[in-house]
Amino acid sequence: MAGFNLVDILGISLLLHFAFSLLLLIVLVPFLLIVYPVLTWSRKGWIRFVKWKYPNVVVVEENSIRTILDQFRNHGIYTLLIQGRSIAESIRGHLIHLTSSRRFLRAGLSTRWGLYVWKDLDYFSVDNHLLNSSCSFRGRALTESNIQDYVSDLTSKFLPPEQPPWQVHVINCFLRGEEYQVCLVRVHHLLLRQEHLALADFLPLRYSTDSWTCQEVDSSFTNLYSEPSALPKLYQKLTESFSNYWNEFLYNNDPNERPEILKKQIGIFQCLKIGAIVLVSSAKEMTRQYRKGEGPRFLDTFAIFQREASKRNFGRTVVVRAFLKSLNPLQLFDITIHWCWYLVVTLSLKTPILLLRELRALKSRHKHRYPDTLISMLWCYVPLVFRATVEMVSITWIAIKAPKTIFEELFLKHPQANRLQTTSPCGRKVVAWSEEVQLDVLRKISSMTGATETEILLAVTVDALKEYFRQSGVRIPDNVLATGKFVRQRAIFVQNHETRGILCLALPTKTPLFEDDLVEILQVIQKNVRDARSKQSAIYAITAAEASCGLISSCLPSLLLKVMLNQLTRRYSLSLTHVDGDLPVEGVDAVMYWRPPQGNCNMSITLYRYGSGVRLGVMGDALIGPEHAIITKTFPKSVESLANVVGVPKVFSRNSSPSRISPSPSTGH
């Protein structure tokens, strides 16, 4: 976990954080206590109304940040570009098999009364979604000189509203005289989420998940804090112990397990045990119904309790008889004699044996060989409880600092506007990608400067953005505010549940000492990254929780969230994605991936490592083009300039291999 500073605890910083958090709690907790149930019930009621009014559609009940930010002509379309020699073989059969098992791939997506709904189509054909290129574009054969213009032209078109929101384009082109296939996959974010699909699932790729290395990637956009280890382990051990004791308790006291218990008159203690079993069983049944989306009403609770009691023949007669039996003097005398005899036997025979086992456990180096001893339990739990306590204190410290830090980072710092687009967006998206930069060059620069590879990529991205501002006639701001997210390559090719948060970062286009000095830009970025990583643990954790379980979107009204998110995306107008990790996929020579910018976010930049090289990809509104290609053209030149400045012995040469996608000058769209 992220640690806390003793100076902060002893100084005024703790008091300021605590006072701000306390004030926010006083205001926010009553608000959430009122708003959350009202919001939950009103949303469920609204969903039931839409289901009643449109019985032939499937209403999307889940809510997310991307869904809230969706606009009529600005949907979130994830895009994947893959190049190879034979990656499109048998693609039609693959898509037919995929759509046969996924209902929403054959359904149209629309809105009804503010909610997304899926509607089964009268006619569906894979051929409407699998599109083959004509091998030419604007009268010219598709080669490395115009492939980017063609791909950007495809992404700039809206998906047909009357068809399921996905497309796969197969582009046959000649790159440096050899024939290649380029596959472009475009899928609506809601379809990926609802069907639990990855973008690469739409292509017949061959790879083995067993050979995927689980190495930890060093990125500035991940691992802002270490995941708690002691708390989950303590929870697991306590759960296992309780489960074992509870199963033993059920075996000895549940009439369903031992019907002979009720064949004789029971006492008040046995009655209380059976009553506890009935209560726990009723609670489990209500929890099970709630998870299935069949939350029981208040009147159903008593019915569930009666049903569980009747299963065990546990009624009022049994309770009354047990109570009367406990008042019988002879019964009280019998219980007293029984307990006295138990104590005598325990103290005289059992206690010495237990003490001997405790001594043996104390002397032994292998405490786990005596699992039933107090020494073994203390040996296991005391260090674990101590580490869990430290983690809890650290989490509490992060929570105390969170409100003030979040407010400062999102609303007070860097107040100047830094929009990357001066005109209103049209919603259509254009893309571009750079030449490949060799990873060895980045590692050499890293060894010369002490910066991480991600920080180096951010510095050269800033240099490319500055060139974009100059040639576009846009005033260069002091900082470009960006949100950064790390994506492992496995998440693009295999659906998994790995969720990561977002880091808010200021990219400096102007530095204090020198103008256009890449080394100074790199130094400022290093400082900004360190500051962000030390202060934004709460932002990272909250955004990760939203991505995994919808923490924010389930607690706040959608209208309020939409207003806030539009303001924040106006402020943080650049979305950065760092993709890293090994990728053992057969037949794939080059890959590029784009996360769609939404809301008032004007541009999305992807820093994608594939094999031994890194590319920069840009996705922006169509009105930005063709100037968006300036960023991708400048990127490899900026890496070369930085390498020369820091004294890297051998400056990289641009890849001329025919097995790589090459950029082209954009001619406009």
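Looking up the protein chain in an unreviewed UniProt entry gives the name O-acyltransferase WSD1 C-terminal domain-containing protein, with the organism given as Xylocopa violacea.

(A) Structural detail: the pairing of strand β8 (residues 166–175). Most of β8 sits out of view: eight of its ten residues are buried. Pairing between β8 and strand β9 (residues 178–188): ten bridges, direction antiparallel. For Asn172, the partnering residue across the bridge sits in β9 and is Gln181. Counting the residues that bridge the hairpin from β8 to β9 gives two residues, and of these Arg176 lies at a positive phi of roughly 55°.

(B) Quick look at the pattern of salt bridges. Evaluation of the coordinates by the stated rule reveals 17 salt bridges. Linking Arg193 and Glu62 is a salt bridge whose minimum nitrogen-to-oxygen distance equals 3.4 Å. Highlighted residues: Arg193 in helix α6 (residues 189–195) and Glu62 in the loop between β1 (57–59) and α3 (65–69), separated in sequence by 131 residues. A relative accessible area of 32% means that Arg193 is categorised as partly exposed. Of the charged contacts, one joins Lys510 and Asp478 as a salt bridge, the two residues approaching to 3.7 Å between their closest N and O atoms. On the criterion of sequence distance, the pair formed by Lys510 in the loop between β13 (502–508) and α16 (518–535) and Asp478 in the loop between α14 (453–472) and β12 (479–488) is long-range, its members being 32 residues apart. On the basis of relative accessibility, which here comes to 41%, the residue Lys510 falls in the partly exposed class. Taking the relative accessible area as the measure of exposure, Asp478 reaches 39% and is therefore partly exposed. Here the residues in one salt-bridge network are Asp254, Glu308, Lys311 and Arg312, joined through shared partners.

(C) Representation of the UniProt feature "transmembrane region" (unreviewed entry) in the protein chain. Here, the residues flagged by UniProt with the feature "transmembrane region" (unreviewed entry) are residues 12–39, 335–356 and 377–400. In this annotation, residues 377–400 is assigned 100% helix and 0% strand; the end-to-end C-alpha distance for the span is 34 Å.

(D) Molecular detail of a nonpolar patch on the surface. A contiguous nonpolar patch, built from Val29, Leu33, Ile34 and Val38 and spanning about 380 Å² of accessible area, is present on the exposed surface. Mapped onto the secondary structure, Val29 falls in helix α2 (residues 12–53). Looking at Val29, the relative accessible area reads 35%, which means it is partly exposed.

(E) Local environment of the packing of α14 against α16. Closest axis-to-axis distance for the α14/α16 pair is 9 Å, and the angle between their directions is 125°. When the interaxial angle is binned, α14 and α16 end up oblique. When the axes of α14 and α16 are compared, the crossing they make is right-handed. From α14, Glu455, Ile456, Leu458, Ala459, Val462, Asp463 and Lys466 reach across to α16, where they touch Leu518, Ile521, Leu522, Ile525, Gln526 and Val529. Here the contact of α14 with α16 is built from residues that sort into nine nonpolar, one polar and three charged.

(F) Broad picture of the pairing of strand β17 (residues 613–621). Across the nine residues that make up β17, a large majority, nine, are buried. Pairing geometry for strand β10 (residues 429–433) and β17, over five bridges, is antiparallel. Counterpart to Lys429 in the pairing with β17 is Asp621. Pairing of strand β11 (residues 437–438) with β17, which is carried by two bridges, proceeds in the antiparallel orientation. Looking at the pairing, Val437 lines up with Val614 of β17. Direction of pairing for strand β16 (residues 603–610) relative to β17: antiparallel, over a ladder of eight bridges.

(G) The sheet that holds β1, seen in detail. Pairing is antiparallel across the open sheet formed by three strands, whose spatial order is β1-β4-β3. Among the strands making up the open sheet, the edge pair consists of β1 and β3 (107–112). Averaged over neighbouring strand pairs, the angle between their axes works out to 35° when direction is ignored. Relative to strand β4 (residues 115–120), β3 runs antiparallel, the two being bridged by six bridges. Residue pairing across strands places Gly108 opposite Lys119, the latter belonging to β4.

Cut-offs and rules
- Residues numbered from 1 in each chain as written.
- Predicted model: local features only at pLDDT ≥ 70, side-chain atom pairs only at ≥ 80, totals over all residues.
- Heavy atoms only, no water.
- Buried < 20%, exposed > 50% of the residue type's maximum accessible area, 1.4 Å probe, protein only.
- Helix = DSSP H or I, 4+ residues; strand = E, 2+ residues; numbered from the N terminus.
- Pairing = 2+ DSSP bridges.
- Salt bridge = Lys/Arg side-chain N within 4 Å of Asp/Glu carboxyl O.
- UniProt positions renumbered as here; feature names shortened; annotations may be inferred.
- Patch = residues over 30% accessible without salt bridge, like charges linked within 9 Å, V, L, I, M, F, W, Y side chains within 5 Å.
- Areas by Shrake-Rupley, 256 points an atom, 1.4 Å probe, with all protein chains shown as cover.
- Axes fitted to C-alpha atoms, helices over the stretch in contact; angles between N-to-C directions.
- Parallel < 35°, antiparallel > 145°, perpendicular 65-115°, else oblique.
- Left-handed = near helix turned anticlockwise from the far one by under 90°.
- Contact = heavy atoms within 4.5 Å.
- Nonpolar A, V, L, I, M, F, W, Y, C, P; charged D, E, K, R; others polar.

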